[in-house]
Amino acid sequence: MHAQASYLLTVVTFLPLFSVAALLVLRSDDHVWIRRIAFAASVGEFAVSLLLLRGFDSTDAGFQFQEFYNWIGPSIHYHMGVDGISLFLVLLTTFLTPLAMLCSWKSIQENVKGFFICLLVIETAMIGVFVSLDLFLFFVFWEVTLIPMYFMIGIWGHERRIYAAVKFILYTMFGSILMLVAIIWLYHITAMASTTGTGSFDLLVIESVLANSVPLSSTTELVLFGAFFLAFAIKVPLFPLHTWLPDAHTDAPTAGSVILAGVMLKLGTYGMLRFCLPLFPAAAHKLAPMIGVLAIIGIVYGALVATVQHDLKRLVAYTSVSHLGFVVLGIFAFNTVAMQGAIYQMLNHGVSTGALFLAVGMLYDRRHTHEISEFGGLATPMPVLMGLFLFIALSSLALPPLNGFIGEFLILIGTFASHHAWASWAASGAVLSAIYLLWAYQRVALGEVTVEKNRTLPDASLRERFILGTLAVAILFMGIASPYFTRPMEPAANALLQQMNTELQRPQNAVRPAIPAKIGPHAIVLPAVAVERQARP
């Protein structure tokens, strides 16, 4: 099965980028066919990505669908693979992209070709981040995600779009520079362990070297962990590094906010799981109390600030600060249940918050404002749109049996097993989310129509009903059929925690028996745990 799908990850990753060629041959004023081809490409990409489910072994903790080729010299390789942590993040990306294109069908009227090219390029880049197992390849995709989003905010955004775009790029580039230094540092560590003096950027090789050949000193590990973690914490964003997010969301076009909240923020939490924990387990455990406190502050602070917002889109932006605090808390609770909940909450947040931004964008298309005071009583002229808005808001505030409840519940019960105080404080975020979301809905939808021009606003069109209806079905399905998602995540989460515990329990000067293994066509030596994380031949 895996041999037949040996190029599947390459196809899934680069199909959107190849589709850009079809858009480039069209005239810039041929908006109809630009939209049609871009949407068809994104739908085809989603269909192809579903093949990953068909061939994925949910009992295997290792990387599957691996591809390994020499790329640049002996050190940089084209190495891709997915496991239970990254599988559904890839599917989330391919699911949200066509919906983001549909929501832009009429709202984007200037430089249409450039806009849809940006969406296709950023889709390739985000998928590449989730499937890369070579740190150089990962960093290339990581940086490429910034460029299309910068242009989407700066060109097609709202009033303060230039300020928001520059703030976004400065924050994220600062973190990226530190991570690049750490990646180069790790490369030189592998070179010192090599008999030929040639290092490697391969993730599994680096794990092997750090475990067996060149154990890091406590200070070095803390420095490297800090460099990676800062880059990922900015992307999440984790309090107090969150200040770029509300501006970026408020002034981005609707599709930009959907992609930013739905997928791009998950690059940070994914990076923590993929790199910070397995490469630097001692530093992760040492700094976990501080990170847990920052996550809890983010949960409560984000909820409180969202409550007092008068701008509806900015309110939804601050919900991301609060909800992703739950994800970070679940990751650093070092508990299988909490970690599964964190991974699942990444998916839930992408669907629910993406849907909230879509609903807010549909209101903006009608009134060209995000001010809550300009709405009121909208359930009278727009019962369908407001009904879907309420359903999505209920999922975001974690109402059973919708998707948000499952993720937050798993995180809280997993965290409570080892950190009672953390779980207690985090639970207050769930209460506050009900306050700010229901109060916002009351001011927007219920009561009398307060602004005369709102009386004649059209209800959701067929296109808009399809977009929000699709997401509503996904929300309900993820709530009642969560084992279909959490079961494939469990082996990878268990293996990651086992790998960390093994490294922490082993004395620093003890060397575990080396086990010959193969990564792609090249024979190397890996520690026992790293072998368990590999895919089948």
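A brief look at the structure comes next. Predicted, not measured: the structure shown is a model, and the values here were computed from it.

## Some points on unusual backbone geometry
Then comes step 1: Omega for the peptide link from Phe 239 to Pro 240 comes to 10°, which places this bond in the cis form.
Then comes step 2: Looking at the element boundaries, Pro 240 is found in the loop between helix H10 (218–235) and helix H11 (244–251).
Then comes step 3: Pro 401 follows Pro 400 through a cis peptide bond whose omega is 0°.
Then comes step 4: If you trace the backbone, Pro 401 turns up in the loop between helix H16 (383–396) and helix H17 (403–416).
Then comes step 5: The phi dihedral of Phe 65 falls on the positive side, at around 55°, and the residue is not glycine.
Then comes step 6: Position of Phe 65 relative to the elements: it lies in strand E1 (residues 64–72).
Then comes step 7: Even without being a glycine, His 368 presents a positive backbone phi close to 55°.
Then comes step 8: Mapped onto the elements of the fold, His 368 is located in the loop between helix H15 (336–367) and H16.
Then comes step 9: Taking the relative accessible area as the measure of exposure, His 368 reaches 57% and is therefore exposed.

## Comments concerning the packing of aromatic side chains
Then comes step 1: This model, assessed by the stated rule, comprises 31 aromatic pairs.
Then comes step 2: With a centroid separation of 5.6 Å and an interplanar angle of 85°, the aromatic rings of Phe 115 and Phe 116 are classed as edge-to-face. Per residue, the accessibility class of Phe 115 equals that of Phe 116, and both read buried.
Then comes step 3: Through a chain of ring-to-ring contacts, the aromatic side chains of Phe 138, Trp 142, Phe 228, Phe 232, Phe 275 and Phe 280 assemble into a single cluster.
Then comes step 4: Above the ring of Trp 33, the side-chain terminus of Arg 36 is found at 4.9 Å from the ring centroid.
Then comes step 5: Here the basic side chain of Arg 443 rests over the ring of Trp 439, its NZ or CZ set 3.8 Å away from the ring centre.

## A few points about the packing of H15 against H16
Then comes step 1: Orientation of H15 relative to H16, taken along the N-to-C sense of each, is 150°, at an axis distance of 9 Å. Between H15 and H16, the crossing angle belongs to the class labelled roughly antiparallel. Considering the relative orientation of H15 and H16, their crossing is left-handed. Of H16, the residues touching H15 (which contributes Ser 352, Ala 355, Leu 356, Ala 359, Met 362, Leu 363 and Arg 366) are Leu 385, Met 386, Phe 389, Ile 392, Ala 393, Ser 395 and Ser 396.
Then comes step 2: Residues that form the contact of H15 with H16 fall into these classes: 10 nonpolar, 3 polar and 1 charged.

## What to know about H11
Then comes step 1: Taken across its 8 residues, H11 has 8 buried, putting it largely inside the fold.
Then comes step 2: For H11, the full list of buried residues reads Trp 244, Leu 245, Pro 246, Asp 247, Ala 248, His 249, Thr 250 and Asp 251.
Then comes step 3: Structurally, H11 contributes buried residues whose contacts are with helix H7 (146–156), helix H8 (161–193), H10, helix H12 (254–279), helix H14 (312–331) and H15.

## Some details on the state of the cysteines
Any covalent bond linking the sulfur atoms of two cysteines counts as a disulfide.
Then comes step 1: One pass over the full model with this rule turns up 0 disulfides.
Then comes step 2: Just so you know, Cys 103 is unpaired, no disulfide at all, and the nearest cysteine sulfur is the one on Cys 118, 14 Å from it.
Then comes step 3: Classification of Cys 103 by relative accessible area gives buried; the value is 9%.

## What to know about the pairing of strand E2 (residues 76–82)
Then comes step 1: Counting buried positions over the 7 residues of E2 gives 7, a clear majority of the element.
Then comes step 2: The alternating pattern of E2 places Ile 76, Tyr 78, Met 80 and Val 82 on one face and His 77, His 79 and Gly 81 on the opposite face, and all of these are buried.
Then comes step 3: Hairpin connection from E1 to E2: 3 residues lie between these consecutive antiparallel strands, with Gly 73 at a positive phi of about 65°.

## Looking at the nonpolar core
Then comes step 1: Counting residues in hydrophobic clusters, the biggest one holds 189 residues, and the most contacted among them are Leu 186, Phe 228, Leu 277 and Phe 332.
Then comes step 2: If you tally residues by element for this core, the top one is H12, at 16 residues.
Then comes step 3: Once you skip the residues sitting within four places of it in the chain, Leu 277 turns out to touch Met 272, Ala 284, Ile 331, Phe 332, Phe 334, Met 339, Leu 496 and Met 500.

Cut-off values and rules
- Residues numbered from 1 in each chain as written.
- Predicted model: local features only at pLDDT ≥ 70, side-chain atom pairs only at ≥ 80, totals over all residues.
- Heavy atoms only, no water.
- Helix = DSSP H or I, 4+ residues; strand = E, 2+ residues; numbered from the N terminus.
- Buried < 20%, exposed > 50% of the residue type's maximum accessible area, 1.4 Å probe, protein only.
- Phe/Tyr/Trp six-rings, centres within 6.5 Å; stacked < 30°, edge-to-face > 60°.
- Lys NZ or Arg CZ within 6 Å of the ring centre and 35° of its normal.
- Axes fitted to C-alpha atoms, helices over the stretch in contact; angles between N-to-C directions.
- Parallel < 35°, antiparallel > 145°, perpendicular 65-115°, else oblique.
- Left-handed = near helix turned anticlockwise from the far one by under 90°.
- Contact = heavy atoms within 4.5 Å.
- Nonpolar A, V, L, I, M, F, W, Y, C, P; charged D, E, K, R; others polar.
- Disulfide = S-S within 2.5 Å.
- Pairing = 2+ DSSP bridges.
- Core = buried A, V, L, I, M, F, W, Y, C linked by side-chain atoms within 4.5 Å.

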